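Inside the fold
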Amino acid sequence: MDSIAGLSREHKIENLVAGIHEVINDHDAIKEDPHMRKSLLGAARKLVAALETPVETIFRFGWQPHQNAAIRVAIALDLFALVGSSGPGGVSAADLASTTRADKALLVRIMRALVVSEVFTEVAIEQYAATPISDAWVALPLRACSRHLHDVSSLSLYHLPEFLSRSQYQNPEDPLNGPFQFAFDTDRSFFQWLDERPDRMANFNTWMEAHRQGRKNWFYSFPVERLNSPRISKDPKAVMLVDIGGGYGHDLEAFRNAFPESSGRLILEDIPQAIDELPARRKWLMEAINYDFCTPQPIIGARAYYFRSIFHAFSDSKCLEILRCTTSAMERGYSKMLINDWVLPDKGASFQAAMMDMNMMANLAGKERTESQWKSLLDQAGLLVVEIWGSSDEERVIEAVLK
Ligand SMILES: C[S@@+](CC[C@H](N)C(=O)[O-])C[C@H]1O[C@@H](n2cnc3c(N)ncnc32)[C@H](O)[C@@H]1O
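Residues numbered from 1 in each chain as written. Predicted model: local features only at pLDDT ≥ 70, side-chain atom pairs only at ≥ 80, totals over all residues.

**Looking at the site of the ligand**
Around the ligand sit 16 residues, and of these G245, G247, F293, R308 and S309 come closest. Of the residues that constitute the shell around the ligand, the class distribution is eight nonpolar, five polar and three charged. (Near = placed C-beta within 6 Å. Nonpolar A, V, L, I, M, F, W, Y, C, P; charged D, E, K, R; others polar.)

**A closer look at the environment of G264**
Within the secondary structure, G264 sits in the loop between helix 16 (250–258) and strand 7 (265–270). Considered as a pair, G264 and H250 are 14 residues apart in the sequence and their alpha carbons are 18 Å apart. Beyond its immediate stretch of four places on either side in the chain, G264 contacts I232, A238, V239, M240 and R303. (Helix = DSSP H or I, 4+ residues; strand = E, 2+ residues; numbered from the N terminus. Contact = placed C-beta atoms within 7 Å.)

**Quick look at the packing of helix 10 (residues 140–166) against helix 13 (residues 198–209)**
Between helix 10 and helix 13, whose axes approach to 8 Å, the crossing angle comes to 125 degrees. Taken together, helix 10 and helix 13 sit at an angle that is classed as oblique. Here the hand of the crossing between helix 10 and helix 13 comes out left-handed. Contacts between helix 10 and helix 13 involve L140, P141, A144, C145, R147, H148 and V152 from the first element and R200, N203, F204, T206, W207 and E209 from the second. In terms of residue class, the contact of helix 10 with helix 13 is built from seven nonpolar, three polar and three charged. (Axes fitted to C-alpha atoms, helices over the stretch in contact; angles between N-to-C directions. Parallel < 35°, antiparallel > 145°, perpendicular 65-115°, else oblique. Left-handed = near helix turned anticlockwise from the far one by under 90°.)

**What to know about the pairing of strand 7**
The buried fraction of strand 7 amounts to five of the six residues, a majority that puts the element mostly inside the structure. Across five bridges, strand 6 (residues 239–244) lies against strand 7 in parallel orientation. Along strand 7, the bridge assignment pairs V242 with I267. On the question of chirality, the crossover connecting strand 6 to the parallel strand 7 by way of helix 16 is right-handed. With four bridges joining them, strand 7 and strand 8 (residues 287–290) adopt parallel strand pairing. Residue pairing in the sheet places D270 in a bridge with N290 of strand 8. (Buried ≥ 20, exposed ≤ 12 C-beta atoms within 10 Å, placed from the backbone. Pairing = 2+ DSSP bridges. Right-handed = clockwise from strand over helix to strand, strands pointing away.)

**Remarks on the sheet that holds strand 4 (residues 121–124)**
The strand order across the open sheet formed by three strands is 3-5-4, and the pairing between neighbours is antiparallel. Here the strands that pair on one side only, and so sit at the sheet edges, are strand 3 (91–92) and strand 4. Note that strand 3 and strand 5 (residues 127–129) share two bridges and pair antiparallel. What sits directly across from S92, in strand 5, is Q127.

**So, the pairing of strand 14 (residues 396–402)**
Here strand 10 (residues 336–341) pairs with strand 14 via five bridges, running antiparallel. If you follow N340 over to strand 14, its bridge partner there is V397. Strand direction decides the pairing type here: strand 13 (residues 383–389) and strand 14, joined by six bridges, are antiparallel. Counted as the bridge partner of E387 is E399 from strand 14. Hairpin remark: strand 13 followed by strand 14, antiparallel, with six residues in the connecting loop; positive phi at G390, about 100 degrees.

Structural measurements only, silent on function.
And the structure:
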């Protein structure tokens with residue numbers, strides 16, 4: 001018997017399992033303490049890695065497409081809302097079949113895959129109830145996220161190994177000739193391709209709008225008082241913030257809601273497909289302009305030019321082109337550039353950041369950048385990094401000014 005601190009190993013493990021159940025029951029309280037949540041999650045992941053056999057781990061990776069296919073079917077049949085509205089007693093496969101008109105035998109197989117994936121629970125034979133995970137998919141933006149990752153991204157990732165083999169394992173850099181073009185047999189860029197498919201574009205933008213759901217907004221990492229200036233408070237024409245490639249204006253809306261008293265104009269810039277879809281409730285909060293960020297920036301001397309999730313989609317040479325289109329409008333000693341993106345540490349990147357990097361490689365021939373790569377890129381564009389705000393396990397805010 002192996003004894004540590006007076007307890008047998010069996011006893012210690014029993015205590016640990018009881019502790020884990022306590023944590024599960026106190027789930028809501030723990031979620032409110034981000035530090036505790038992260039530390040428990042880290043420990044739980046290490047525990048799974050230590051307990052799983054290598055073969056189990058390999059199969060866990062291998063079965064991910066199967067899980068994603070079941071999730072995609074559930075989205076198509078609206079199963080998350082149907083099960084979610086059924087209450088704790090759940091809903092039967094027969095009822096789901098009669099509502100969706102899908103074959104009951106098929107539904108049982110799809111639901112079985114989702115039950116073992118902890119998405120739904122099986123409360124009786126062929127009877128299913130919701131979980132917090134399935135309830136999360138009732139929200140449109142998260143369904144949009146899964147639709148995009150399954151229908152578009154995963155096809156590029158499926159073809160990535162063959163593309164890399166054919167290109168002698170060179171880092172993909174050409175946005176018109178990368179894994180995405182190979183997978184979809186197109187010569188269009190990712191965004192051109194989306195543009196030509198309005199339903200896919202709308203779905204992508206719906207996902208982007210909620211991309212940071214549950215994560216803190218950039219202005220809680222970046223000290224917004226650094227944008228204060230007498231010019232902004234005195235001149236009604238002065239522009240506070242230009243959100244370049246800002247999609248449906250969600251970040252500017254969040255900014256306005258967080259700082260309702262702040263002065264200065266807020267300007268949203270994007271391509272027509274996004275600007276035309278700007279929700280009516282946001283129109284009075286900001287000015288919206290059709291603008292291609294590869295052309296000179298029309299708003300001169302704004303206090304801040306903000307880019308979120310833009311540069312990771314492009315190679316360094318394309319980023320320099322975009323950056324120079326904006327630096328030409330910046331006023332030395334006054335304008336700031338704020339870039340909200342992943343800033344990878346040279347060692348110890350987070351899971352999210354590493355996966356996003358793979359996503360960028362496969363779909364846009366883009367990349368996530370390390371701190372030194374960002375500094376070198378911005379330096380070449382004539383910018384000096386003043387500070388990088390936020391912690392390394394989330395997207396950060398790079399504050400830069402003209403050199
Ligand atoms: C990944 S999304 C990011 C949206 C938003 N900034 C966010 O983080 O939620 C990229 C955005 O860039 C826009 N975009 C793509 N090409 C553009 C271009 N040439 N000029 C301006 N915007 C562009 C897209 O329409 C989309 O809204």
